[in-house]
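# Structural overview for review
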Amino acid sequence: MRGHGYAAYLRVYQPLAAFPSAERAEWAAYVESGQTLPASLLIGREERRGLARALGLAVGPEREHALIQRVGAMVYVCPLRTELRTLQSLVAFHGSLPDEVADAFVSSYEVQRAVTTLERLRRERPACRSHIQLAVWYVPLPWFSLFDSSERRLSHPDGDSPARLTYQTSMAKARARVSRALRVVQEVMEDGEVVGTIEELRDWLHGFGPDSLVQLDYGGLVKAIPYADLIEDQSAAEVWEALEALEEGDLERSSTIYGSLTERWSRLRGRESSN
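Note that the coordinates shown come from a computational prediction; the quantities given were computed from them, not determined experimentally.

Quick look at a nonpolar patch on the surface now. A surface patch of nonpolar side chains, about 240 Å² in accessible area, is lined by Val 188, Met 189 and Leu 251. With respect to the element layout, Leu 251 can be found in helix α11 (residues 251-270). A relative accessible area of 48% places Leu 251 in the partly exposed class.

Topologically, Gln 215 is positioned in strand β7 (residues 213-217). Once the C-alpha coordinates of Gln 215 and Glu 151 are considered, the two residues, 64 residues apart in sequence, prove to be 9.7 Å apart. Setting aside residues up to four positions removed in sequence, Gln 215 forms contacts with Tyr 9, Leu 10, Arg 11, Tyr 13, Gln 69, Phe 147, Arg 164, Tyr 167 and Gln 168. Of the polar contacts made by the side chain of Gln 215, one reaches the side chain of Arg 11; its length is 2.7 Å. Side-chain polar atoms of Gln 215 contact the side chain of Gln 168, separated by 3.1 Å.

The subject of this paragraph is the packing of aromatic side chains. Remark: the centre distance and the inter-plane angle together describe each pair of aromatic rings, the angle taken between the planes. One pass over the full model with this rule turns up eight aromatic pairs. Ring geometry for Tyr 6 and Trp 137: centres 4.8 Å apart, planes at 75°, overall edge-to-face. One end of the pair, Tyr 6, is in the segment before β1 (7-15); the other, Trp 137, is in the loop between β4 (132-136) and α6 (141-144), with 131 residues separating them in the sequence. Here Tyr 6 falls in the partly exposed class, since its relative accessible area comes to 28%. Overall, the relative accessible area of 5% leaves Trp 137 in the buried class. Measuring from centroid to centroid gives 5.7 Å for Phe 147 and Tyr 167, while their planes differ by 40°, and the two rings are tilted. Linking Phe 147 in the loop between α6 and β5 (152-155) with Tyr 167 in strand β6 (residues 164-170), this pair joins segments that are 20 residues apart in sequence. Under the relative-accessibility criterion, Tyr 167 is labelled buried at 0%. Through successive ring pairs, a cluster of aromatic residues spans Phe 144, Phe 147, Tyr 167, Tyr 218 and Trp 265.

This next bit is on the pairing of β7. A large share of β7 lies buried, amounting to five of its five residues. Because side chains alternate across β7, one face comprises the buried residues Leu 213, Gln 215 and Asp 217, and the other comprises Val 214 and Leu 216, equally buried. In this structure, β1 lies alongside β7, joined through five bridges in antiparallel fashion. Counted as the bridge partner of Val 12 is Val 214 from β7. Two elements, β6 and β7, share five bridges in a ladder whose sense is antiparallel. Following the sheet pairing, Thr 169 is matched in β7 by Val 214.

The rules behind these values
- Residues numbered from 1 in each chain as written.
- Predicted model: local features only at pLDDT ≥ 70, side-chain atom pairs only at ≥ 80, totals over all residues.
- Heavy atoms only, no water.
- Patch = residues over 30% accessible without salt bridge, like charges linked within 9 Å, V, L, I, M, F, W, Y side chains within 5 Å.
- Areas by Shrake-Rupley, 256 points an atom, 1.4 Å probe, with all protein chains shown as cover.
- Salt bridge = Lys/Arg side-chain N within 4 Å of Asp/Glu carboxyl O.
- Helix = DSSP H or I, 4+ residues; strand = E, 2+ residues; numbered from the N terminus.
- Buried < 20%, exposed > 50% of the residue type's maximum accessible area, 1.4 Å probe, protein only.
- Contact = heavy atoms within 4.5 Å.
- Polar contact = N/O pair within 3.5 Å; in protein donor to acceptor, adjacent residues only side chain to side chain.
- Phe/Tyr/Trp six-rings, centres within 6.5 Å; stacked < 30°, edge-to-face > 60°.
- Pairing = 2+ DSSP bridges.

Such coordinate-based values are descriptive only and should not be taken to indicate function.
See below:
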C-alpha cells in the first residue's frame, strides 16, 4: 500500500453537540483535557504511521485523536478515525488491483480480516463514519467544486513550518455547490467517472449534520509544490470557471480550462511513481 506522504485532505468538522451522547462525552473530555495536539503535529504523526504500515512495519495501537476548531463559542471536532480509514483504504486498494496481482500487495487474509473488522465497527458504532478523505500527490478536481475562491487561505512558510493552503466553507454552501456541479455535468454526460465521483462526494457530505464545516487542506502537497506556484494556484476558481462555461453551453472554453487543470495536476501526480 502507498504511504500517506504528500497527501491532501478533505475534512468535515462537526459541532461537538452533533455527536451521539457517548461519543460527545468522550470528545468533550478530550477537548477539556488540554492535551489536544496541533493539526500539523497530528497530521505528520499519522503520515509517518501510514508510511510505516506501507513498509510492513509493526504499528502499535494509539489513542484516538481529533482535529479541533473553535469558532466563537462553538467547538468543532474532526475525528481522525485512523483505524477505520486504514481498514477502508486497505480494502479499497486491494479492490482496485487486478485479481492476479492484488494478493502480491495485500493478502486475501489481511483483506478479509479488515472486512470483518469493518463489519464489527458498523454493528457496534453505526454512527461512526470517516470525517476525512485523502488523496496522495494531488487534489481531486471535484473537491474544488465545494468552495469559492474567496474561501482560499494561504499562509507564508515560517522557519521550519511550511506554507499552508486551505479552503473552508459551511456544509450548507458545500452541499449547494456540489449539487449544482452535479446538475451541470449531468447535462453533458449522463454517466461516467466524473459524474460518479461527484455523486459519491455529495452522498458523503449528506452523512454529516447541516451545521458542520467543510475544509480542503493541501496538507503535505505544500512540500512538493513551490511556494510561488501555490501563490498562483487558483484551482477552485478555475473549476467553477469551467463549470459556468459548461452551463452557458460553451463546451470548447470549458474543455480548455478543465484540460489545463487536469494536465497541471497530472504532472504533479506523475511524480508519485518516481518517489
